[in-house]
Amino acid sequence: MRLLVCGGAGFIGSTFVRQRVREHGDEVTVLDKLTYAGREENLSELAGDERLRFLKGAIEDPRAVAEAIELGAPEAIVNFAAETHVDRSIAAPDAFVRTHALGTYVLLEAARERALRYVQVSTDEVYGSIEVGTFTEDSPLAPSSPYSATKAAADLLAQSYFHTYGLPVTIIRGSNNYGPYQYPEKLIPLMVLNAMHGDPLPVYGDGMQVRNWIHASDFSRAIGHVLEHGEPGEVYNAGGPDEEANITVVRRIIELTGASESQMEHVADRPGHDRRYSLSSEKVRALGWEPRCRFEEGLADTVAWYRDNPSWWQPIRSGEYREYYARQYGQALGQAP
Ligand code: NAD
Ligand code: DAU
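Residues numbered from 1 in each chain as written. Chains lettered and ligands numbered in written order. Predicted model: local features only at pLDDT ≥ 70, side-chain atom pairs only at ≥ 80, totals over all residues. Heavy atoms only, no water.

1. Re the environment of A58
Short version of the rule: Secondary structure follows DSSP: runs of H or I at least 4 residues long count as helices, runs of E at least 2 residues long count as strands, and numbering of each begins at the N terminus. Relative accessibility under 20% of the residue-type maximum defines a buried residue, over 50% an exposed one, and the middle range a partly exposed one, all with a 1.4 Å probe and only protein chains included. Residue contacts are counted whenever heavy atoms from the two residues lie within 4.5 Å of one another.
Position of A58 relative to the elements: it lies in the loop between β3 (52-56) and α2 (62-72). The buried category is assigned to A58, whose relative accessible area is 14%. The spacing of A58 and V249 is 191 residues in sequence and 35 Å in space, taken between C-alpha atoms. Discounting residues that sit within four places of it in the chain, A58 has contacts with L31, K33, A64 and V65.

Printed below as a string of structure tokens:
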């Protein structure tokens, strides 16, 4: 296939691009704004491969989108491009509104003009929190944060293009991803790098919030299944095989890195913090997908990847991340990293 992958220089987008080029022989054009979270280095394993083209640009810029489509003549657009950190959305929601609402609209218009298939990559957070049971695709949307509310807005806009214009849109909602190349603002890479450096491990509130962990390679394969076999107009959930409390994840990282339990510090809770996410993935399983990676093994591999790839995270930890970290944790935790 020929694909336009928006946000393909981020964590999951780059995992998806590597998978599609190497395992499916797809020709991929990546359009990415290269925000703090996007890095061309995330695609370096494909350096020199003529099946990959890269264009720096924002999805809310119709000229950049048109240029990317001209460059790759795609049959489908897969949209990963997003601001993805809940804590940043609480501190400054504006970029979230622009990228998720306006950016998705610009992409949908481009798809409509050219009758392209469109896959919107979304999140379980649009359903809000669930203390008991599991969300299905029919669960009502009840997002809690500016991040999840603007992701829900993008989903609704995408669905409206199916209902109103007959655009072949599919939506896939994933649970918490982990794996190599994840920016260290997120729970797992943050804890791994802090544990390795002897820095504090900041647990929000009581740490008993539960997340449903999926390896990014499994989520990427689910997106591929929806792209190839999904029914236009439908939503598909893709959750991982394991649910864990945050504090259990942090304790496991302490064991894997040889850090000390005394590094763990309970800090102020996230405002509006969702207590638990849980997804039923029966519908995407019916398309032939199933997760391959259990959390225990995937977490150990992920810790090993961060340990073995300092050249990936060192430039991040010395740049914009330091300022973010000081703003987010400074008063509670002092100067780390
Ligand atoms: P990420 O932050 O690592 O990557 C986001 C990418 O989008 C970056 O490369 C960034 O430069 C790019 N981007 C941001 N704004 C852009 C814009 N306006 N125009 C073009 N590019 C832009 O995020 P991720 O964790 O890889 O998430 C990718 C997608 O998957 C997002 O849509 C996210 O909502 C969704 N998702 C993430 C998770 C998770 O646990 N990380 C789970 C479910 C769904
Ligand atoms: O569920 C899917 C979502 O998962 C994606 O849509 C988001 O893009 C992605 O960021 C992620 O959202 P979360 O808010 O669940 O992920 P985060 O890594 O920020 O936090 C995971 C849990 O860990 C959450 O309960 C908050 C907690 N946490 C996080 C950080 C960064 C801490 O206790 N301490 C921390 O320092």
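2. Overview of the packing of helix α8 (residues 246-257) against helix α10 (residues 295-308)
Stated formally: Axis lines are fitted through C-alpha atoms, for helices just across the contact stretch, and the angle between N-to-C directions can take any value from 0 to 180 degrees. Throughout, the term roughly parallel applies to angles under 35 degrees, roughly antiparallel to angles over 145, roughly perpendicular to angles from 65 to 115, and oblique to all others. Crossings are classed by handedness, with left-handed meaning an anticlockwise turn of the near helix from the far one by less than a right angle and right-handed meaning a clockwise turn. Gly is put with the polar residues, along with every residue not named as nonpolar or charged; the nonpolar set is Ala, Val, Leu, Ile, Met, Phe, Trp, Tyr, Cys and Pro, and the charged set is Asp, Glu, Lys and Arg.
Closest axis-to-axis distance for the α8/α10 pair is 10 Å, and the angle between their directions is 50°. In terms of orientation, α8 lies oblique with respect to α10. Crossing hand, α8 versus α10: right-handed. Across the interface between the two elements, V249, R252, I253, L256 and T257 from α8 touch F295, E296, L299, A300, V303 and R307 from α10. Its residues placed into classes, the contact of α8 with α10 shows seven nonpolar, one polar and three charged.

3. A closer look at the sheet that holds strand β7 (residues 176-178)
To be explicit about the condition: Strands qualify as paired when DSSP identifies two bridges or more between them.
With mixed pairing, the three strands of this open sheet are ordered in space as β7-β9-β11. Edge strands, defined here as strands with exactly one partner in the open sheet, are β7 and β11 (242-245). Shown here is a sheet whose adjacent strand axes are inclined to one another by a mean of 45°, direction ignored. Alignment of strand β9 (residues 210-215) against β11, held across four bridges, turns out to be antiparallel.

4. Description of the pairing of strand β6 (residues 169-174)
The test is simple: With its strands directed away from the observer, a crossover is right-handed exactly when the path from the first strand over the helix to the second travels clockwise.
Of all six residues that make up β6, six are buried, and the element is covered over most of its length. One ladder, built from six bridges, connects strand β5 (residues 117-123) with β6; its direction is parallel. What sits directly across from V121, in β6, is I172. Of the crossover connections in this fold, the one passing from β5 over helix α5 (residues 146-165) to the parallel β6 is right-handed.

5. Points about the side chain of T302
Short version of the rule: Each polar contact in these results corresponds to two N or O atoms within 3.5 Å; when the atoms are within protein, one needs to be able to donate a hydrogen and the other to accept it, and residues that are neighboring in sequence are counted only if both atoms are side-chain atoms.
Topologically, T302 is positioned in helix α10. At 2.7 Å, the side chain of T302 and the backbone oxygen of G298 are in polar contact. Excluding residues that lie within four positions of it along the chain, T302 makes contacts with Y178, G179, P180, I188 and H215.

6. Considering the environment of Y324
Within the secondary structure layout, Y324 lies in helix α12 (residues 320-333). Note: C-alpha distance between Y324 and I223 (101 residues apart in sequence) is 31 Å. With near-sequence residues (within four places) excluded, Y324 lies in contact with H85, D87, R88 and E185.

7. Quick notes on the site of ligand 1
Heads up, the condition is: By convention in these notes, a residue is near a molecule or strand provided one of its non-hydrogen atoms lies within 4 Å of it. To be clear on the numbers: accessible area is Shrake-Rupley with a 1.4 Å probe, and residue cover counts the displayed protein chains and nothing else.
Taken together, 29 residues lie near ligand 1, and I12, D32, T84, Y147 and K151 sit nearest. In the model, an oxygen atom of ligand 1 is placed 2.7 Å from a nitrogen or oxygen of the K151 side chain. For ligand 1, the protein covers 96% of the area, taking 830 Å² as the surface of the free molecule. Put simply, the parts of the chain that give the shell around ligand 1 at least two residues each are α1 (11-24), β5, α5 and β7. It is β5 that provides the largest number of residues to the shell around ligand 1, a total of three residues. Residues of the shell around ligand 1, tallied by class, amount to twelve nonpolar, 13 polar and four charged.

8. Describing the pattern of salt bridges
Pairing of side chains with opposite charge becomes possible as their charged atoms draw close. To be explicit about the condition: Salt bridges, as used here, are contacts in which a Lys or Arg side-chain nitrogen is within 4 Å of a carboxyl oxygen on Asp or Glu.
Applying the stated criterion across every chain yields a total of 25 salt bridges. Of the charged contacts, one joins E185 and K186 as a salt bridge, the two residues approaching to 3.2 Å between their closest N and O atoms. Judged on exposure class, the residue E185 and its partner K186 are both buried. The salt bridge partner of R221 is D218, with a shortest N-O separation of 2.6 Å. Placement of the pair is R221 and D218 together in helix α7 (residues 216-229), with a separation of three residues, close to one helical turn. D218 shares its class with R221; the two are buried. If you follow the salt bridges from partner to partner, you end up with R88, E185, K186 and E320 in one network.

9. Digging into the domain arrangement of the chain
Applied cut-off: Each domain span listed reflects an automatic or database assignment of domains. Here's the idea: put two parts together, see how much 1.4 Å probe accessible area each one loses, and the total over both is what we call buried area.
According to the domain assignment, the chain contains domain 1 (2-178 + 215-238) and domain 2 (187-211 + 241-279 + 294-329). Using only C-alpha atoms to locate each centre, domain 1 and domain 2 end up separated by 25 Å. With 28 residues of domain 1 at the interface, the matching set in domain 2 holds 24 residues. Here domain 1 packs against domain 2, burying approximately 2,100 Å² in sum over the two surfaces, 52% of which is carbon and sulfur. It is R39, D87 and Y178 that lose the most area in domain 1 upon contact with domain 2, and together they represent 29% of the buried surface on that side. Between domain 1 and domain 2 we count two salt bridges in total. Across the pair E320 and R88 runs a salt bridge, and its minimum N-O distance is 2.7 Å.

10. Structural notes on the site of ligand 2
Near ligand 2 there are 24 residues, and of these D124, Y147, N176, R270 and Y329 occur at the shortest range. The separation between an oxygen atom of ligand 2 and a polar side-chain atom of N246 is 2.8 Å. In the model, an oxygen atom of ligand 2 is placed 2.6 Å from a nitrogen or oxygen of the R270 side chain. Contact with the protein chains covers 95% of the free accessible surface of ligand 2, which is 690 Å². The set of elements that each furnish at least two residues to the shell around ligand 2 consists of α6 (187-197) and β8 (201-204). When the residues that make up the shell around ligand 2 are grouped by side-chain class, the tally is ten nonpolar, eight polar and six charged. Both domains that meet at the shell around ligand 2, namely domain 1 (2-178 + 215-238) and domain 2 (187-211 + 241-279 + 294-329), each give it at least three residues.

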